[in-house]
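# Chains, contacts and geometry: an overview
Here's the letter readout for the chains.
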Amino acid sequence: MILGRVIGLVLGYVFGLFPTGVLMGKAHKTDLKKEGSGNTGMTNSIRVLGWKAGVIVFAGDFFKAVIAMVIIWAVYRNVYPEAVKLLMLYAGMGAVLGHNYPVYARFKGGKGIACSIGTIIAFDWRMAPICAVLFFLTVVPTGFMSLGSLGIVSGFFVQTIVFGQLGFLKVGAQFLPELYVIAAILTALAFIQHRGNLKRLATGTENKFAPSKNKKKETED
């Protein structure tokens, strides 16, 4: 099991290093790190390059986590049937860490929301509806993508505990505390990466999302 945890984390990290936004920017002869918010995630890609590019960037970052988790599931589903969900979550966390803290960029990357969404869907798709509702209930009235993103990961954390306690995850009882800790770390990573947004929200200086090159910056994934 220890080896499984390490393999999941490392595999996820390697997949998380894939620079989707950077490659999309190069395809459009644009350096996303120097445009808009300076971030290479979906939000800034939409702002600078348009919706089509933004959706592609989201898909790339999303599948970084999904593919890593599916590989772990395929390898360990029969070896550790009661713990495979836990090992998958390690892979998802690894993908988020690789995206957020890429070794080739001095550990300065994105905010990992697309990777986190991929992790949630691959972990248990039944969590998606509530996460989506929390996102839209937050973003539609406020216009703050950062709040919506944090709503998604918070919904994931709460549902992980509820699903685990109800037996929906089919995880051995001995592995549930560790599973909750990993889910908490994933949620904390999103809040840590959004600390600048939270400060601006507290001071009333956070900018609302606007898919246009000419709008003010909003630092988001």
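## Let's talk about empty space enclosed by the protein
Vacant regions in the atomic arrangement are exposed by a probe of water-molecule size rolled over the atoms. Applying the stated criterion to the full structure yields 1 cavity of 30 Å³ or more. In this structure, the largest cavity spans a volume of roughly 40 Å³. Lining of the largest cavity is provided by Ser 116, Thr 119, Ile 120, Val 153, Phe 156, Leu 186 and Thr 187. Within the residue set of the lining of the largest cavity, elements represented by two or more residues are helix H6 (113-123), helix H8 (145-166) and helix H9 (176-193). If one sorts the elements of the lining of the largest cavity by residue count, H6 sits on top with 3 residues. Its residues assigned to classes, the lining of the largest cavity comprises 4 nonpolar, 3 polar and no charged.

## Thoughts on the nonpolar core
Counting residues in hydrophobic clusters, the biggest one holds 44 residues, and the most contacted among them are Leu 89, Phe 123, Met 127, Phe 156, Leu 169 and Leu 179. When contributions to this core are tallied by element, the ones reaching two or more residues are helix H3 (42-49), helix H4 (51-76), helix H5 (84-100), H6, helix H7 (128-142), H8 and H9. Considering every element that reaches this core, the biggest residue donor is H5, with 9 residues. In terms of nonpolar packing, the next biggest core, distinct from the first, is built from 6 residues, Leu 32, Leu 49, Ala 53 and Val 57 among them.

## Remarks on the confidence of the model for the protein chain
The pLDDT averaged across the protein chain works out to 91; a share of 95% of its residues lies at or above 70. Taken element by element, the protein chain is modelled with least confidence in H3, mean pLDDT 84, and with most confidence in helix H1 (residues 2-16), mean pLDDT 98. In this model, residues 212-221 is a region of pLDDT below 50 whose contacts with residues beyond four sequence positions or in other chains number 44 contacts.

## Examining the pattern of salt bridges
Under the counting rule described, the total for this entry stands at 4 salt bridges. A salt bridge links Lys 64 to Asp 61, with the shortest nitrogen-to-oxygen separation between them at 3.2 Å. Taken as a pair, Lys 64 and Asp 61 lie in helix H4 at a separation of 3 residues, close to a single helical turn. With a relative accessible area of 2%, Asp 61 lands in the buried category. Across the pair Glu 206 and Arg 200 runs a salt bridge, and its minimum N-O distance is 2.9 Å.

## A short note on the side chain of His 194
Within the secondary structure, His 194 sits in the loop between H9 and helix H10 (195-203). At a separation of 2.8 Å, a polar atom in the side chain of His 194 contacts the main-chain carbonyl oxygen of Ala 190.

## Brief notes about the side chain of Arg 5
Positionally, Arg 5 belongs in helix H1. Relative accessible area serves as the criterion here: at 19%, Arg 5 is assigned to the buried category. The residues touching Arg 5, leaving out its near neighbours within four places in the chain, are Leu 86, Leu 87, Tyr 90, Phe 175 and Glu 178.

## A look at the packing of H8 against H9
It is the contact of H8 with H9, at a shortest axis distance of 9 Å, that shows an interaxial angle of 175°. Compared by their axis directions, H8 and H9 come out roughly antiparallel. Touching Leu 150, Val 153, Ser 154, Phe 156, Phe 157, Thr 160, Ile 161, Gly 164 and Gln 165 of H8 are Leu 176, Leu 179, Tyr 180, Ala 183, Ala 184, Leu 186, Thr 187, Ala 190 and Phe 191, all from H9. Looking at the contact of H8 with H9 residue by residue, the class counts come to 13 nonpolar, 5 polar and no charged.

## Focus: H5
The end-to-end C-alpha separation of H5 is 24 Å, in line with the 24 Å expected for 17 residues at 1.5 Å each. Of all 17 residues that make up H5, 16 are buried, and the element is covered over most of its length.

## Brief notes about a nonpolar patch on the surface
Taken together, the side chains of Ile 2, Val 6, Val 10 and Val 14 define a hydrophobic patch exposed on the protein surface, amounting to about 380 Å² of accessible area. Judged by its relative accessible area of 65%, Ile 2 is exposed.

Rules of the game
Residues numbered from 1 in each chain as written. Predicted model: local features only at pLDDT ≥ 70, side-chain atom pairs only at ≥ 80, totals over all residues. Heavy atoms only, no water. 1 Å grid on protein atoms, 1.4 Å probe; cavity = no way out; pocket = protein on both sides within 12 Å on 5 of 7 lines; lining within 4 Å. Points joined across faces, edges and corners; volume = space filled by probe spheres on them. Helix = DSSP H or I, 4+ residues; strand = E, 2+ residues; numbered from the N terminus. Nonpolar A, V, L, I, M, F, W, Y, C, P; charged D, E, K, R; others polar. Core = buried A, V, L, I, M, F, W, Y, C linked by side-chain atoms within 4.5 Å. Buried < 20%, exposed > 50% of the residue type's maximum accessible area, 1.4 Å probe, protein only. pLDDT = per-residue confidence, 0-100. Contact = heavy atoms within 4.5 Å. Salt bridge = Lys/Arg side-chain N within 4 Å of Asp/Glu carboxyl O. Polar contact = N/O pair within 3.5 Å; in protein donor to acceptor, adjacent residues only side chain to side chain. Axes fitted to C-alpha atoms, helices over the stretch in contact; angles between N-to-C directions. Parallel < 35°, antiparallel > 145°, perpendicular 65-115°, else oblique. Expected span 1.5 Å × (residues − 1). Patch = residues over 30% accessible without salt bridge, like charges linked within 9 Å, V, L, I, M, F, W, Y side chains within 5 Å. Areas by Shrake-Rupley, 256 points an atom, 1.4 Å probe, with all protein chains shown as cover.

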